[in-house]
Amino acid sequence: MRINRAVAASVASVMALGLAACSSSSSSSGSPSSTPTTSTSSTGTTSTTPSPAAGASGVLKVGMPNQQQTENFNPFLGSSAGASLGFRAMIYEPLMMSNPIAPADKPKPWLATDATWSADYKSVVFTIRDGVKWSDGQDMTAADVVYTFGILKSTPGINTNSLPFDTITAAGNKVTVTFTAPQFVNQTKVITTVIVPEHQWKVEATAGADKYEDKKPIGTGPYTLTSFTPQTITLDVRTDGYWQPLPHIAKLLYTSYSDNNALTTALANGECDWAFAFIATIDKVYTSKDPANNKIFFPPNLGAHGLWLNTTKAPFNDKILRQAMNMVINRDQIFKIGESGYFYPAVTNITGIPTPAGEPFIADEFKGQNVTVDVAGATKLLTDAGYTLAGGVLKDKSGTPVTITLTDPAGWSDYQTDLEIIKAGLKTIGIAATINKANQDAWFKAIDTGDFQGAMHWTNGGATPYDMYENIMNKAAMKPLGKTGSAGNYGRFDSPEATAAIAAYANASDETTRTAALATIEKVFVDQMPVLITSASNVGAEYSTKHWVGWPDATNPWTAPQPTQQNAEEIVLKLTPAS
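Residues numbered from 1 in each chain as written. Predicted model: local features only at pLDDT ≥ 70, side-chain atom pairs only at ≥ 80, totals over all residues. Heavy atoms only, no water.

Some details on the overall build of the protein
- In terms of regular secondary structure, the protein is built from 17 helices and 24 strands.
- Since a compact globule built from 579 residues should have a radius of gyration of about 25 Å, the 24 Å found for the protein is in line with a globular shape.
- Expressed along its principal axes, the backbone C-alpha trace of the protein runs to roughly 75 × 55 × 45 Å.
- Taking all 579 residues of the protein together, the buried fraction comes to 55%.
- In the protein, 71% of the contacts between residues at least 6 apart in sequence involve partners at least 24 apart.
- As displayed, the protein has an accessible area near 21,800 Å², and 53% of this comes from carbon and sulfur atoms.
- Charged side chains in the protein number 42 positive and 50 negative. The centres of these two groups are separated by 3 Å. (Helix = DSSP H or I, 4+ residues; strand = E, 2+ residues; numbered from the N terminus. Rg over C-alpha atoms; globule rule 2.2 N^0.38 Å. Buried < 20%, exposed > 50% of the residue type's maximum accessible area, 1.4 Å probe, protein only. Contact = heavy atoms within 4.5 Å. Areas by Shrake-Rupley, 256 points an atom, 1.4 Å probe, with all protein chains shown as cover. Lys, Arg positive; Asp, Glu negative; His and termini not counted. Charge placed at Lys NZ, Arg CZ, Asp CG, Glu CD.)

Laid out in structure tokens, this is it:
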């Protein structure tokens, strides 16, 4: 995952430290000193900054609004600093590189020069690239690939895609991975697996790959981590041994800001070059500050955002209540006010599928069925089902007033506004909502373990709506309440019909079968409303062309610009100095 989310600052000094750190260097500065330097992290770890590679110079400054980070760089953990800020993509590389805004495009060879699937999609053979070295100088081999897939197979906590591994073997530079079920829908997830070094992880990750903090990451990527504080992380370009031409950028400086507002200020002042954050009134506070250089590009993907409901907790285990709640959400206000009219476009089709991208996938019975605010209809639906509404208070069938706590991290300003709009809508049918502005770490844990009632959250995206629905409704992705390591289905929605249809889609050998399965999935979603989808997702960015050029944009959308995506490495490899 890969979202511009942040938390509010716990103290004012956090913001000051973040801003000071981001403004400490300039992209237009000359090459860093050729003499190695040392720095000490807040945890007391001293790190050495190597000399930059010949030809590399300057700094690219990347920002995210994710408050203080912990010293955890495990590339498989979405909660790690490397995932939160995006720099894991500069250290750890995938077997193949995909394009998030064109998932149907043929993936690019990366650590593997080829990936060949069997006709039934139950096995794939990778040809591992020769001549790749880890950043400590050791060779990357097929054994590292076997080891990586092996720890994914044996460690559910890092197998977040729930890939059903069977056998993993190597013969020379060929690695064959087999699965217990067809992986047509998971091809991209399999081939974009990042590879870790066996010689390090086998020795140091003895407590489990899901518990390993990886504080001294060794990767095949073009950069190495050289210093860490809770606000700023520095990466330096490798001096030798990288298998591709090295990037022009000598240093990457990642800063974690206290919230979207702090990051917006840094972007507008030129103190950060690249970010993914929601910015209210973006024209006024960002692009107009330097129209020639301050740019935005927010291409959509086939994922969504919405209000996830914990379907294990009464009364939200009642589909009638969920249907009624869906009918009083003002999606137009969420887009125009909460998302400032550019960030997450409204999704109005009853299936929750974003359009126009998803229009071909909508079943005939649901085409043109759009959700509009209908308080009268929602009220009738509830009262017909045994609810009572009197004095502005909705009571369930037992006579208990219906209340809900909506929770998201405090600094996620667009989500917070979205929740206020949802709260106002729910009030029209007598539901009293309370908004909990949570701490980010506590919120992620609550979502993971099912300790919530309602929360704005995102879904997976992919080439079809399958990934979105699988993320919402697949029982196989669901963990019991209180257990960590959820791969989706955070609302613990349990529908045998949906799970069977999701499996049927994944296992289908022809398009006719997939179409029929998707129609069933959509019907269950519409009838059950496990998530009240409000908005389409995007993989966008704010970026500056003042110091670095070559970014993807609307005129040349060669990849997604979001700095926390895996393909951010591609962008850094292609950027060149502006002058």
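After presenting the structure, the write-up continues.
As for the sheet that holds strand E6 (residues 112-117)
- Read from one edge of the open sheet, four strands run E6-E7-E9-E8, paired in antiparallel fashion. The open sheet has two free edges, formed respectively by E6 and strand E8 (165-171), since each of these has just one partner strand. Mean inter-strand twist for the sheet, computed between neighbouring axes without regard to direction, equals 15 degrees.
- Two elements, E8 and strand E9 (residues 174-179), share five bridges in a ladder whose sense is antiparallel. Paired with Ile168 across the two strands is Val177, which belongs to E9. (Pairing = 2+ DSSP bridges. Axes fitted to C-alpha atoms, helices over the stretch in contact; angles between N-to-C directions.)

A look at the environment of Asn173
- As for its placement among the helices and strands, Asn173 is situated in the loop between E8 and E9.
- Residue classification places Asn173 among the partly exposed residues on the basis of a relative accessible area of 30%.
- For the pair Asn173 and Phe126, spaced 47 residues apart in sequence, the C-alpha separation works out to 8.1 Å.
- In this view, Asn173 contacts Phe126, Thr127, Ile128, Asp130 and Ala142; residues no more than four positions away in its chain are not counted.

Digging into the sheet that holds strand E12 (residues 249-256)
- Strand order in this open sheet of seven strands is E10-E11-E12-E3-E13-E22-E14, and the pairing throughout is mixed. The open sheet has two edge strands with one neighbour each: strand E10 (223-228) and strand E14 (294-297).
- Bridge count for strand E11 (residues 232-237) against E12 is five bridges, and the pairing is antiparallel. For Asp236, the partnering residue across the bridge sits in E12 and is Lys251.

Digging into the confidence of the model for the protein
- Model confidence for the protein is summarised by a mean pLDDT of 89, while 91% of its residues fall at 70 or above.
- Low pLDDT, under 50, characterises residues 1-51; the stretch is placed with 144 contacts to residues that sit more than four places away or in other chains. (pLDDT = per-residue confidence, 0-100.)

Some points on the packing of helix H9 (residues 319-326) against helix H16 (residues 511-528)
- Close contact between H9 and H16 brings their axes to 8 Å; oriented N to C, the two are set at 85 degrees. As the angle between them shows, H9 and H16 are arranged roughly perpendicular. For the pair H9 and H16, contact is made by Lys319, Arg322 and Gln323 and by Val526, Asp527 and Gln528, respectively.
- In terms of residue class, the contact of H9 with H16 is built from one nonpolar, two polar and three charged. (Parallel < 35°, antiparallel > 145°, perpendicular 65-115°, else oblique. Nonpolar A, V, L, I, M, F, W, Y, C, P; charged D, E, K, R; others polar.)

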